[in-house]
Each structure stands twice: as C-alpha cells, then as structure tokens.
Amino acid sequence: QWRDMNPILTARRGAVAGTVNGTIYVIGGYDGNGIALTSIEQGTYTPAATPTVTMSPGATSITAAQDLSEQVTVSAPSGAPTPTGSVVLSGGGYTSQSQSLSGGVTNFDIPAGKLTVGADTLTATYTPDSNSSSSYVTATQSVSITVSAVAPAFALTNGGPITVTAGNSGTRDR
C-alpha cells in the first residue's frame, strides 16, 4: 500500500532509490537546473501493520428474545500506538452503525430479534481513521453465535372436549 512520507530535501530527477533494512535511500540525480547531485537522502519506511481485532461476546448462545452485547478491542503490536478509527459489526442479518474506538475499545448492543435464528457469524471490521491510516490497515475478526427460536407462548384450559379437524381451526363442544 502506497502512502505519503516526508518529502526529500532536494528536488531531483534521474535519481536512484533503494531500501536497506527498512530505510529508503535516494542517491544522486540532477537538480532543477540540470546540475548533477552527489548527495544521498534517506528516510525510514515502516509499512502499515495489521492490528489484532478481538471480539468478546456477552454470550455465544442466545434466544431470539435476548439482547446480545459485544465488546470489540483493536490492539497494536508491542510498542506501537493504540489504533484509532471505527468498527462495524455485521452478520446474522444485522449490520451496526460505525462506532468509534475509545482507547482501542468499543461496545455494541444488539437488540433482541435482530439476529437470524440459527448459527450466525458476527464479523467486526476495523477501519483506521486519518490518525492511524499511515500505521494500520483494515482488519477483521469473526465469532460464532447460536440463536435459538423462542417457543410461542399460549395456554389451553380444559373447559370441555376440543375437536380439531385437519385444515380447520379448533371448535369447542358446548
């Protein structure tokens, strides 16, 4: 992925460039007046890293009548700055609004009934903001959630014999 770095000190054309151990060297070339340059400029190149996305669901098995909380943590490699940006949570028929990270963490609350019944895969997608885009790339992580159907609630009271004929609703003998 290409990204801007600090400009070199001397504008040059026809220069040679190369990297050694993560340092970019720009050697020689000609200045704007066609005068040969013998100088060398260097800059350190650090490729953007992939942060670690960790998902911590409040539960991995719920009923369709239950809310689900999900904490998403985006962490940097050791010694690197804390990632900033946003996260979107999607899957199981649900897609959240983008939520900003605070200290590398954000929390989602998925309302009851928003996930489809069955085995769902929820995916958190981290996107760096302008402060982190030169240090980090987009990253994802997924978890499995099982959503069970809720049995309909109804009650029968026996007030006498009940007859049900196929294709018809029940009738009560009086």
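Summary of the structure given here. These numbers were taken from a predicted model, which means no experiment stands behind them.

## So, the overall build of the chain
Along the backbone of the chain there are zero helices and 14 strands. Ordered by position in the sequence, the α and β elements of the chain form the string β-β-β-β-β-β-β-β-β-β-β-β-β-β. The burial tally for the chain puts 25% of its 174 residues in the buried class. Across the chain, contacts joining residues at least 24 apart in sequence account for 49% of those joining residues at least 6 apart. Roughly 11200 Å² of accessible area belongs to the chain as shown, and the carbon and sulfur atoms make up 51% of that amount.

## Brief notes about the nonpolar core
Formed by 21 residues in total, the largest nonpolar core has its most connected members in V72, V87, L115 and L122. Looking at this core, the elements that each hand over two or more residues are β4 (52-57), β6 (68-75), β7 (85-91), β10 (105-110), β11 (118-128) and β12 (139-148). In terms of residue count, the dominant contributor to this core is β12 (four residues). When residues no more than four places from it in sequence are discounted, the contact partners of V87 are V72, V74, Q97, S98, Q99, L101, T106, F108, A124, T125 and Y126.

## Notes on the sheet that holds β10
In spatial order, the strands read β4-β6-β10; together these three strands make up an open sheet with antiparallel pairing. In this open sheet, the two edge strands, each paired with only one partner strand, are β4 and β10. Going across the sheet, the axis of each strand differs from the next one's by a mean of 20°, ignoring polarity. Strand direction decides the pairing type here: β6 and β10, joined by six bridges, are antiparallel. Directly across from T73, in β10, lies its bridge partner V105.

## Remarks on the pattern of salt bridges
In the structure shown here, the tally under the stated rule is one salt bridge. Among the ionic pairs, R12 bridges to E41, the shortest N-O distance being 3.0 Å. Separated by 29 residues along the polypeptide, R12 in the segment before β1 (16-20) and E41 in strand β3 (residues 40-44) bring together distant segments of the chain. A relative accessible area of 15% places R12 in the buried class. Residue classification places E41 among the buried residues on the basis of a relative accessible area of 11%.

## A few points about the pairing of β1
Summarising burial for β1: zero of the five residues are buried, a small minority. Two strands pair when backbone bridges link them, and β1 and strand β2 (residues 23-27) are joined in this way by five bridges, in the antiparallel orientation. The partner of V20 across the bridge, within β2, is T23.

## Details of the environment of I27
For I27, the position within the fold is in strand β2. Once residues within four sequence positions are removed from consideration, I27 is found in contact with R12, A15, V16, S39 and I40.

## Topic: the side chain of S96
You can see S96 is positioned in the loop between β8 (94-95) and β9 (99-100). Sequence-distant contacts of S96, that is, excluding residues within four places in its chain, are made with V88, L89 and F108.

## Things to note about the environment of V16
As for its placement among the helices and strands, V16 is situated in strand β1. Between the C-alpha atoms of V16 and G28, which are twelve residues apart in sequence, the distance is 6.6 Å. Beyond its immediate stretch of four places on either side in the chain, V16 contacts Y25, V26 and I27.

The rules we used
- Residues numbered from 1 in each chain as written.
- Predicted model: local features only at pLDDT ≥ 70, side-chain atom pairs only at ≥ 80, totals over all residues.
- Heavy atoms only, no water.
- Helix = DSSP H or I, 4+ residues; strand = E, 2+ residues; numbered from the N terminus.
- Buried < 20%, exposed > 50% of the residue type's maximum accessible area, 1.4 Å probe, protein only.
- Contact = heavy atoms within 4.5 Å.
- Areas by Shrake-Rupley, 256 points an atom, 1.4 Å probe, with all protein chains shown as cover.
- Core = buried A, V, L, I, M, F, W, Y, C linked by side-chain atoms within 4.5 Å.
- Pairing = 2+ DSSP bridges.
- Axes fitted to C-alpha atoms, helices over the stretch in contact; angles between N-to-C directions.
- Salt bridge = Lys/Arg side-chain N within 4 Å of Asp/Glu carboxyl O.

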